[in-house]
Amino acid sequence: MDFGLFLVMLVLLLYVFLNNTVTLLHKVYLLFHSLLMLWPLCQFAISTVSEPVYQLLFLKASYVGLAMLGLGWMVFTIFLAGKSYYLNRRTLILLSAPTLLMVLGILLNPGNSFVAPLNGGYVRRDYGPLFWVMVVVLLAYVALSFVLILNTLGGRVAPRH
């Protein structure tokens, strides 16, 4: 199932890349889409390997991609809303700080506070408090992007926005 989803998303990525002029908005979308593809590919890989070390490697890669989706969605929304002028160095640092902290927490997994193995492997796992912090951070990105979308729809914008 996961590998099939990856293949469908790969075909969609190739379709968008090959059939459109690659603008800055398309580049942001392609990066976001690539992060989306990381999840099913790594979940498939987790179920195909039996060594817990490799399972943990693929698990961390999939959750790093998932953690970065919030930031990717927010940046994509900013470009869709036609507000890319908001993205200066300071704003990018403020927007990406929670994601970078989450990625660091996922990669280090201090004291199994992000994920712990069950039954000697990571196919079945127990999630710790850092996982739930990541969920809250992702929901905050979604809420912030919805506020931006609603503000854009309520204002005077070009028809494409």
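Residues numbered from 1 in each chain as written. Predicted model: local features only at pLDDT ≥ 70, side-chain atom pairs only at ≥ 80, totals over all residues. Heavy atoms only, no water.

K.L.:
Got a sec to walk through the nonpolar core? Specific residues and values, please.
P.N.:
Core analysis: the biggest nonpolar cluster contains 35 residues, and Leu 59, Tyr 63, Leu 95, Ile 106, Phe 114 and Met 134 have the highest contact counts within it. Contributions of two or more residues to this core are made by helix H1 (2-19), helix H2 (24-48), helix H3 (52-80), helix H4 (89-108) and helix H5 (129-154). The element best represented in this core is H3, accounting for 11 residues. Beyond its immediate stretch of four places on either side in the chain, Leu 59 contacts Gln 43, Ile 46, Val 115, Tyr 122 and Arg 125. (Core = buried A, V, L, I, M, F, W, Y, C linked by side-chain atoms within 4.5 Å. Buried < 20%, exposed > 50% of the residue type's maximum accessible area, 1.4 Å probe, protein only. Helix = DSSP H or I, 4+ residues; strand = E, 2+ residues; numbered from the N terminus. Contact = heavy atoms within 4.5 Å.)

K.L.:
Requested: an account of the packing of aromatic side chains, with residues and values cited.
P.N.:
When we look at a pair of aromatic rings, we describe it by the centre distance and by the angle of the planes. Scanning all chains against the criterion turns up 14 aromatic pairs. On the numbers, 4.8 Å between centres and 35° between planes, the contact of Phe 3 with Phe 44 is tilted. Taken together, the positions of Phe 3 in helix H1 and Phe 44 in helix H2 put the pair 41 residues apart, joining distant regions of the chain. Residue Phe 44 is classed as partly exposed on the basis of its relative accessible area, which comes to 32%. Each residue in the set Trp 39, Tyr 63, Phe 114, Tyr 127, Phe 131 and Trp 132 is aromatic and connected to the rest through ring pairs, giving one cluster. (Phe/Tyr/Trp six-rings, centres within 6.5 Å; stacked < 30°, edge-to-face > 60°.)

K.L.:
Can you explain the side chain of Ser 96? Please cite residues and give values.
P.N.:
Following the sequence through the fold, Ser 96 ends up in helix H4. Residue Ser 96 is classed as buried on the basis of its relative accessible area, which comes to 15%. Polar side-chain contacts of Ser 96 include one of 2.7 Å to the backbone oxygen of Leu 92. Setting aside residues no more than four positions away along its own chain, Ser 96 makes contact with Leu 71 and Tyr 141. (Polar contact = N/O pair within 3.5 Å; in protein donor to acceptor, adjacent residues only side chain to side chain.)

K.L.:
Tell me about the packing of H4 against H5, and please be specific about residues and values.
P.N.:
Two elements in contact, H4 and H5, have axes separated by 10 Å at closest approach and are oriented at 160°. Relative to H5, H4 is oriented roughly antiparallel. The two elements H4 and H5 cross, and the hand of that crossing is left-handed. In this structure, H4 uses Leu 95, Ser 96, Pro 98, Thr 99, Met 102, Gly 105 and Ile 106 to contact H5, whose residues at the interface are Leu 130, Val 133, Met 134, Val 137, Tyr 141 and Leu 144. Residues of the contact of H4 with H5, tallied by class, amount to 10 nonpolar, three polar and no charged. (Axes fitted to C-alpha atoms, helices over the stretch in contact; angles between N-to-C directions. Parallel < 35°, antiparallel > 145°, perpendicular 65-115°, else oblique. Left-handed = near helix turned anticlockwise from the far one by under 90°. Nonpolar A, V, L, I, M, F, W, Y, C, P; charged D, E, K, R; others polar.)

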